[in-house]
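Summary of the model geometry
Each chain is listed here by its residues.
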Amino acid sequence: MSAVFLSGAHIGLFDAPGMAETPRLTHDPCTTEILVDGPVFRVCAAPPGP
């Protein structure tokens, strides 16, 4: 099961304009500020706007 499903969070497609300024749940390194860092996943701050 996905970490997003287990956390009860809502997700959207990151290429959708409405998701442009939302934090990201990932297992990859963050290119922005790390908001939450766990043993496998992390939450990265939203990238800067256009």
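Data block above holds the structure.
Description of the structure in this document. (Residues numbered from 1 in each chain as written. Predicted model: local features only at pLDDT ≥ 70, side-chain atom pairs only at ≥ 80, totals over all residues. Heavy atoms only, no water.)

**A look at the state of the cysteines**
- Per the counting criterion, the structure on display carries one disulfide.
- The disulfide partner of C30 is C44, and the S-S distance across this bridge is 1.8 Å. Its torsion about the S-S bond being -80 degrees, the disulfide of C30 and C44 is classed as left-handed. Here C30, found in the loop between β1 (24–26) and β2 (34–37), pairs with C44, found in strand β3 (residues 42–44); they are 14 residues apart in sequence, far enough to count as distant. (Disulfide = S-S within 2.5 Å. Helix = DSSP H or I, 4+ residues; strand = E, 2+ residues; numbered from the N terminus.)

**What about the sheet that holds β1?**
- Taking strand neighbours across the sheet as the criterion, the three strands line up as β1-β3-β2 in an open arrangement whose pairing is antiparallel. With partners counted over all chains shown, the strands left at the sheet margins are β1 and β2, one partner each. Averaged over neighbouring strand pairs, the angle between their axes works out to 20 degrees when direction is ignored.
- Here β1 pairs with β3 via three bridges, running antiparallel. By the bridge assignment, L25 is partnered in β3 with V43. (Pairing = 2+ DSSP bridges. Axes fitted to C-alpha atoms, helices over the stretch in contact; angles between N-to-C directions.)

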